[in-house]
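Reading the structure
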Amino acid sequence: MVVPHQASGARLARHRLADELTGLVPPTLLADLVAVLAELVGNAVRHAHPLPGGVVRVAWRLRGPADAPHVQLRVTDGGAAEGPRMRAASPDAADGRGLHIVAGLSSRWGVEQDGLGQSVWAEFEPSAVDLVVAG
């Protein structure tokens, strides 16, 4: 899906993801997916250029069985002078924690450059703890 390169883009992406994956993934995983997607789209809007048309591209892929889903989120923007990186944020800082949230909630994350710009992705794989909680 594409969303506007504006703050409202994160809200639109969160709602669409929640609508499409409710009932397909455990509620705790869905909450993590929604939080991470909001961070990734928010970062694209704040720190990167839009894709042509003033948009950000958002995608997700769900694989595996319902009781042990593997999900990948991907947000593609027009890139920035400096790529995404984790920053040290003081306890009083108003920002700087977004990628720490992404790293903490996902199994892994990364950045890829292509002809359009950059994609930041996050993957979620079920762990033994997730399966025990869900089961």
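So, how was this worked out
Residues numbered from 1 in each chain as written. Predicted model: local features only at pLDDT ≥ 70, side-chain atom pairs only at ≥ 80, totals over all residues. Heavy atoms only, no water. Helix = DSSP H or I, 4+ residues; strand = E, 2+ residues; numbered from the N terminus. Contact = heavy atoms within 4.5 Å. Areas by Shrake-Rupley, 256 points an atom, 1.4 Å probe, with all protein chains shown as cover. Pairing = 2+ DSSP bridges. Axes fitted to C-alpha atoms, helices over the stretch in contact; angles between N-to-C directions. Salt bridge = Lys/Arg side-chain N within 4 Å of Asp/Glu carboxyl O. Buried < 20%, exposed > 50% of the residue type's maximum accessible area, 1.4 Å probe, protein only. pLDDT = per-residue confidence, 0-100. Core = buried A, V, L, I, M, F, W, Y, C linked by side-chain atoms within 4.5 Å.

When you go through the protein chain residue by residue, the secondary structure sums to four helices and five strands. When the elements of the protein chain are put in sequence order from the N terminus, they spell out β-α-α-β-β-α-β-β-α. Put simply, of all contacts in the protein chain between residues at least 6 apart along the chain, 60% involve residues at least 24 apart. On the protein chain, roughly 7,400 Å² of surface is accessible, and the fraction owed to carbon and sulfur atoms is 56%.

So, on to the sheet that holds strand 5 (residues 118-124). With respect to topology, five strands assemble into an open sheet ordered 1-2-3-5-4, the strand pairing being antiparallel. Each edge of the open sheet carries a strand with a single partner, namely strand 1 (2-4) and strand 4 (108-113). The average angle at which neighbouring strand axes cross in this sheet is 20 degrees, direction not considered. By the bridge criterion, six bridges tie strand 4 to strand 5 in an arrangement that is antiparallel. Across the sheet, residue W109 finds its bridge partner in strand 5, namely A122. Its contacts with the sheet put helix 1 (residues 7-21) on strand 1, strand 2 (55-63) and strand 3 (70-77), and the angle it makes with strand 2 is roughly 20 degrees.

Next up on the list: the pattern of salt bridges. Throughout the structure, instances matching the rule amount to four salt bridges. Measuring nitrogen to oxygen at the nearest pair gives 3.0 Å for the salt bridge that ties E112 to R74. On the criterion of sequence distance, the pair formed by E112 in strand 4 and R74 in strand 3 is long-range, its members being 38 residues apart. Of the residues examined, E112 reaches a relative accessible area of 39% and is grouped as partly exposed. Among the residues examined, R74 registers a relative accessible area of 22% and is labelled partly exposed. A salt bridge links E123 to R108; the nearest nitrogen and oxygen atoms lie 2.8 Å apart.

Before going further, it helps to examine the confidence of the model for the protein chain. Summary statistics for the protein chain give a mean pLDDT of 86 and a share of 84% for residues scoring 70 or more. Mean pLDDT across the secondary structure elements of the protein chain bottoms out at helix 4 (residues 128-134), with 44, and peaks at strand 1, with 97. Contacts from residues 128-135, a stretch scored under 50 in pLDDT, to residues over four places away or in other chains number four contacts.

In this structure, L33 and V41 are the most contacted members of the largest nonpolar core, which totals 27 residues. Listing elements by their share of this core, those giving two or more residues are helix 1, helix 2 (27-47), strand 2, strand 3, helix 3 (98-105) and strand 5. Looking at this core, the element that brings in the most residues is helix 2, giving ten residues. Ignoring sequence-local partners within four residues, the contact set of L33 consists of L17, L21, V25, V71, L73 and F124.

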